[in-house]
Amino acid sequence: MKGVRAKMPRRPALKKPSPPGPKDPVGVYCRVRPLGRPDQECCIEVINESTVQIHPPDGYRIFRNGEYREMQYSFKEVFGTLVAQKELFDVVAKPLVEDLIRGKNGLLFTYGVTGSGKTHTMTGSPGDGGLLPRCLAMIFNSIGPFQAKRFVFKLDDKNGVDVQCEVDALLERQKRDAMPVPKTPSGKRQIDPEFADMINVQDHCKVEEVDEDNVYSVFVSYIEIYNNYIYDLLEETPFDLIKPKPPQSKILREDQNHNMYVTGCTEVEVKSTEEAFEVFWKGQKKRRIANTQLNRESSRSHGVFIIKLAQAPLDADGDNVLQEKEQITLSQLSLVDLAGSERTNRTKAEGNRLREAGNINQSLMTLRTCIEVLRENQMYGTNKMVPYRDSKLTHLFKNYFDGEGKVRMIVCVNPKAEDYEESLQVMRFAEMTQEVEVARPVDRPLCGLTPGRRFRNQAFREELAQKLEIRGGPISGETEEQSASEILLQNFPPLPSCELLDINDDQTLPKLTGVLEERHKLRQKLSEEFAKNVLTFKTILRELDSSVMSKENHFQGKLSEKEKVITGQKTELERLEKKIKTLEYKIEILEKTATIYEEDKRHLQQELESKSQKLQRQASDKRRLEARLQGMVAETTMKWEKECERRVAAKQLEMQNKLWVKDEKLKQLKAIVTEPKNEKPERPSRERDREKPIPRSVSPTPVPNAPPVRLRHRRSRSAGERWVDHKPPSNLPTDTVMQPHVPHAITVAAASEKALAKCDKYMLTHQELASDGEIETKLIKGDVFKTRGGGQAVQFTEIETLKQESPTGRKRRSSPSNADPPEDAADSEWTDVETRCSVAVEMRAGSALGPGYQHHAMPKRRKP
């Protein structure tokens, strides 16, 4: 009967993307080991059940420029120095064992620096077993009465499991019993005293809800990853004193369900905790350890102990294993004891120890890199390739981080001050690992059969046996066969009574003689028949022997042919394995090359995006600058046009004034020339000049082409535009003749957005006290613009200064129209012409004198 092959309960064949559904973060726990000596300095203390605080040791600030910071790190749970192994197991490992029996996978590994207690946490010590023996004890306590017979489940070399029929399993057990080294039954196993105290667990922990209608088998394997090579610690190698053969490294492969496994690894079926731990201890003795400056027995390799649990439901009768591969489950629990990270300047490693330390640190660095990339992909939505293949450690367990099962990590730390920097790095890695989420594994499907069928079948058998016993039938259900001698004796005639009571009895002996003669005749017949049967049987045996010999010769010929075929297939298989190794090496090279190209492509894309963004910014800046320059050009053009108009008007007015002055001078000169010559008048005395004011000549009207001047109001040059006249309430009225007047203006006491929205000009009236004690008024003008946000902005363009003076220095002279001109009328008129515009105020921005500049012209002295 052929065996049935089972599938591992993994995710579907298409592994990418990761399976949807709920996710759980990686469970990270912290365990603080006690100090080696009471006088050692401690740099780590437990704050509460989930937080530890790490602080620099004394003297550390001297080497770090006075920096002194206390850091706190949070974990799922923190275990102090007094926590027992059982408490740690109940919180961390017990849920993983429960998931294992329910058909789910799990990964538990210890992480920390050298000498932090990782191996003690995983293996334990005499009298105090660690997580590994407690996991084994809990498994066998739970499935003990439901275990299948040995060799019912048989693992293949492709990470699968076959279910054999009872006959094949019985033959396998007979072969095992016929081996030269007899196997002691598990119940009578002699426990090695070296590890007997480690597995003597008294709490008898077990899973409460175990499927009683399933049969279970446990397989264990033990490997180590040393210098990035995988070695089988359970492999039996022949011992050769002359030429010892080094152990062969194993290859990582991927099965049809995309799960990683170690090909050719020894997997032992175990039936008890003692047998399983004996297998582990056998491999532990082969594991590489060495004496370093930091640890007397430092692990130089990563140890991986794999527990596989195969389970299958019973059929409807509850007697045999169900022969359906969809219902067979193979779950796995990996217990990993990582080698400690270390700094070579502290361990003083040289030669092989230095090479080992470099490979250990490299594999742990790869694990950290993978965790960082996973965290970045999950937090920022990126799709970076996780470099699992850079190390055998991460490549072996990549399925767990892709949604294979539950992942838990125990961070072991040593609180001594010498490990401060290493412990700080471990804490940062643990804090980052907690942010990685792993997909929750799905539950295995139900078989659909009636539950409780195993115990119902047992109860039926017991009841049937009781009824047969009551009726007097065979209890065991088997009839006793009579022997051939008993049947032969029953066919002989019965012997008569042989007792002679009388000497004259002549009947007893003749009867006895007759019976004996009949028996003798019957015996002769039987002898002859037996001889004939013997001859017939010998003839049949000869024929059978000749037939067997011919068939044996035929089978020997076929067997030799098959052996030739097998030899050829083995040769072909070796060739294909070499080819596979070569192709795997090429694949690794191509993957590394692809990774480099991907990095270059990503860097170039980032550079292209940055350049594109820079060009876009430059284009937008250019457009904004062009718009700004166009606005400035338009504004400057308008400003200079107004300035040119003003200067032209001012120049025209200046020329008209000069022309008018020249006309006045010509008229006065003409009057002097045409006046008759009289006697030269005497020069009046100063007293008379003081007593009699000099009559002032009436100034002639300006030339007709000159524009009229308004004497009452000074009109703004932008009268056609709408203005906002901002006059603060603190301004005082000046009561002067000339007042600034802006028509079509909105007068406000405070600037408002509503008023600015209606106008396109703005004027602010500002008053201040001048140095001579007079009030000086400044008119600050500007243009109103609309902003992009929908508001208004004012850009100031000019300042006009209005200043008032009291004319106390001189008296205004006016001559009556009918009075005769005095003798010094010419001088008076000449002086009046020069002094009539003795004060000029420049009030336009952009002129040569500048805005608000005040020019005072000094009057010309009169000749004595």
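Residues numbered from 1 in each chain as written. Predicted model: local features only at pLDDT ≥ 70, side-chain atom pairs only at ≥ 80, totals over all residues. Heavy atoms only, no water.

Chemist: So what exactly am I meant to see when it comes to the confidence of the model for the chain here?
Modeler: When pLDDT is low, close inspection of the predicted coordinates is not appropriate. Scored by pLDDT, the chain comes out at a mean of 78, with 74% of its residues at no less than 70. Considering only residues more than four positions removed or in separate chains, one finds that residues 679–719, a stretch of pLDDT under 50, has 64 contacts. (pLDDT = per-residue confidence, 0-100. Contact = heavy atoms within 4.5 Å.)

Chemist: Which parts of the structure should I look at to understand the pattern of salt bridges?
Modeler: Oppositely charged side chains may form a pair once their charged atoms are brought near each other. For the coordinates displayed, the defined rule picks out 31 salt bridges. Notably, a salt bridge pairs E607 with K611, separated by 3.6 Å at the nearest N-O pair. Note that E607 and K611 are positioned in helix α14 (residues 508–674) at a spacing of 4 residues, about one turn of the helix. Judged by its relative accessible area of 46%, K611 is partly exposed. A salt bridge links D725 to K727; the nearest nitrogen and oxygen atoms lie 3.7 Å apart. Since its relative accessible area comes to 8%, D725 is described here as buried. (Salt bridge = Lys/Arg side-chain N within 4 Å of Asp/Glu carboxyl O. Helix = DSSP H or I, 4+ residues; strand = E, 2+ residues; numbered from the N terminus. Buried < 20%, exposed > 50% of the residue type's maximum accessible area, 1.4 Å probe, protein only.)

Chemist: Would you take a moment to explain empty space enclosed by the protein for this structure?
Modeler: One way to see where empty space is left: roll a probe the size of a water molecule over the atoms. The tally for this structure, following the rule as stated, stands at 7 cavities of 30 Å³ or more. Approximately 100 Å³ is the volume found for the largest cavity. Lining the largest cavity we find 13 residues, and of these F109, L367, L393, F397 and F401 sit closest to its centre. Element by element, the count of residues in the lining of the largest cavity is highest for helix α8 (residues 352–380), at 4 residues. Of the residues in the lining of the largest cavity, the class split is 12 nonpolar, 1 polar and no charged. (1 Å grid on protein atoms, 1.4 Å probe; cavity = no way out; pocket = protein on both sides within 12 Å on 5 of 7 lines; lining within 4 Å. Points joined across faces, edges and corners; volume = space filled by probe spheres on them. Nonpolar A, V, L, I, M, F, W, Y, C, P; charged D, E, K, R; others polar.)

Chemist: Mind showing me how you'd approach helix α6 (residues 273–286) here?
Modeler: In an α-helix, one full turn covers 3.6 residues, which means residues spaced three or four apart are oriented alike. End to end, α6 covers 20 Å across 14 residues, agreeing with the expected 20 Å (1.5 Å per residue, within 8%). Within α6, burial applies to T273, E275, A276, F277, V279, F280, W281, G283 and Q284. Looking at the buried residues of α6, the elements they touch are α3 (118–123), α4 (131–143), β13 (214–226), β17 (268–270) and β20 (302–313). (Expected span 1.5 Å × (residues − 1).)

Chemist: How should I be thinking about the sheet that holds strand β5 (residues 51–54) in this particular structure?
Modeler: Pairing between the strands of a sheet comes from backbone hydrogen bonds, and it takes one of two forms, parallel or antiparallel. Reading across the sheet, the 3 strands line up as β4-β5-β6 and stay open at both edges, with antiparallel pairing between neighbours. In this open sheet, the two strands that pair with only one neighbour each are β4 (44–48) and β6 (71–74). Each strand of the sheet is rotated relative to its neighbour by a mean of 30°, with strand direction disregarded. Taken together, the 4 bridges between β4 and β5 define a ladder with antiparallel strand orientation. The residue of β5 that forms the bridge with V46 is V52. (Pairing = 2+ DSSP bridges. Axes fitted to C-alpha atoms, helices over the stretch in contact; angles between N-to-C directions.)

Chemist: I keep staring at the packing of aromatic side chains and nothing clicks. Help me out?
Modeler: A ring pair, where both rings are aromatic, is described by two values, the distance of the centres and the angle of the planes. Enumeration according to the criterion identifies 9 aromatic pairs in this entry. Between Y111 and F429, the ring centres sit 4.7 Å apart and the planes meet at 40°, which makes this aromatic pair tilted. Highlighted residues: Y111 in strand β8 (residues 105–112) and F429 in helix α11 (residues 420–433), separated in sequence by 318 residues. Here Y222 and F280 contribute two aromatic rings whose centre-to-centre distance is 5.1 Å and whose plane-to-plane angle is 35°, an arrangement assigned as tilted. Of this pair, Y222 sits in strand β13 while F280 sits in helix α6, and the two are 58 residues apart along the sequence. Taken together, the ring pairs connect Y222, F277, F280, W281 and F305 into an aromatic cluster. (Phe/Tyr/Trp six-rings, centres within 6.5 Å; stacked < 30°, edge-to-face > 60°.)

Chemist: Would you take a moment to explain unusual backbone geometry for this structure?
Modeler: Excluding glycine, a negative phi dihedral is what most residues carry, and trans is how most peptide bonds are arranged. Of note, the phi angle at F151 is positive, near 75°, even though the residue is not glycine. One can find F151 in the loop between α4 and β11 (153–155). Of note, N227 is a non-glycine position whose phi angle comes to about 55°, a positive value. Mapped onto the fold, N227 is located in the loop between β13 and β14 (229–232).

Chemist: Can you help me understand the sheet that holds strand β28 (residues 761–769) in this one?
Modeler: The strand order β27-β25-β28-β29-β30 describes an open sheet built from 5 strands, whose pairing is mixed. Whereas interior strands pair on both sides, the edge strands pair on one side only; in this sheet they are β27 (745–748) and β30 (792–803). Taking the axes of each pair of neighbouring strands and ignoring which way they run, one obtains an average angle of 25° across the sheet. Sheet topology note: the strand β25 (residues 723–726)/β27 ladder contains 4 bridges and is parallel. Within β27, the residue paired with H726 across the bridge is V748.

Chemist: How do you make sense of the pairing of strand β29 (residues 775–786) when you look at a structure like this?
Modeler: Both faces of the sheet carry side chains from a regular strand, because those side chains alternate between them. Where β28 meets β29, 9 bridges bridge the pair, whose relative direction is antiparallel. By the bridge assignment, Y762 is partnered in β29 with G782. From the end of β28 to the start of β29, which pair antiparallel, there are 5 residues, and G773 there has a positive phi angle of about 90°. Across 11 bridges, β29 lies against β30 in antiparallel orientation. Pairing of I780 across the sheet is with I799, part of β30. Between β29 and β30, which pair antiparallel and follow one another directly, the connecting turn spans 5 residues, one of which, G790, has a positive phi of 95°.

Chemist: I keep staring at a nonpolar patch on the surface and nothing clicks. Help me out?
Modeler: Taken together, the side chains of F537, L541, L544 and V548 present a nonpolar region at the surface, about 360 Å² in accessible area. Locating V548 in the fold gives a position in helix α14. (Patch = residues over 30% accessible without salt bridge, like charges linked within 9 Å, V, L, I, M, F, W, Y side chains within 5 Å. Areas by Shrake-Rupley, 256 points an atom, 1.4 Å probe, with all protein chains shown as cover.)

Chemist: Help me understand the packing of helix α2 (residues 85–101) against α4 in this model?
Modeler: To characterise two packed helices, one gives the angle between the axes of the helices and the distance between these axes. The contact between α2 and α4 brings their axes to 9 Å, and the two run at 50°. Here α4 runs oblique to α2, going by the angle between their axes. Of the two elements, α2 crosses α4, and the hand of that crossing is right-handed. Two secondary-structure elements touch here, α2 through Q85, K86, L88, F89, A93, K94, V97, E98, L100 and I101 and α4 through L131, R134, C135, M138, I139, S142 and I143. (Parallel < 35°, antiparallel > 145°, perpendicular 65-115°, else oblique. Left-handed = near helix turned anticlockwise from the far one by under 90°.)

Chemist: So what exactly am I meant to see when it comes to the pairing of strand β16 (residues 260–263) here?
Modeler: Here strand β15 (residues 251–254) runs beside β16; their pairing, made up of 4 bridges, is antiparallel. Among the inter-strand pairings, R253 is bridged to a residue of β16, identified as Y261. Counting the residues that bridge the hairpin from β15 to β16 gives 5 residues, and of these H258 lies at a positive phi of roughly 65°.

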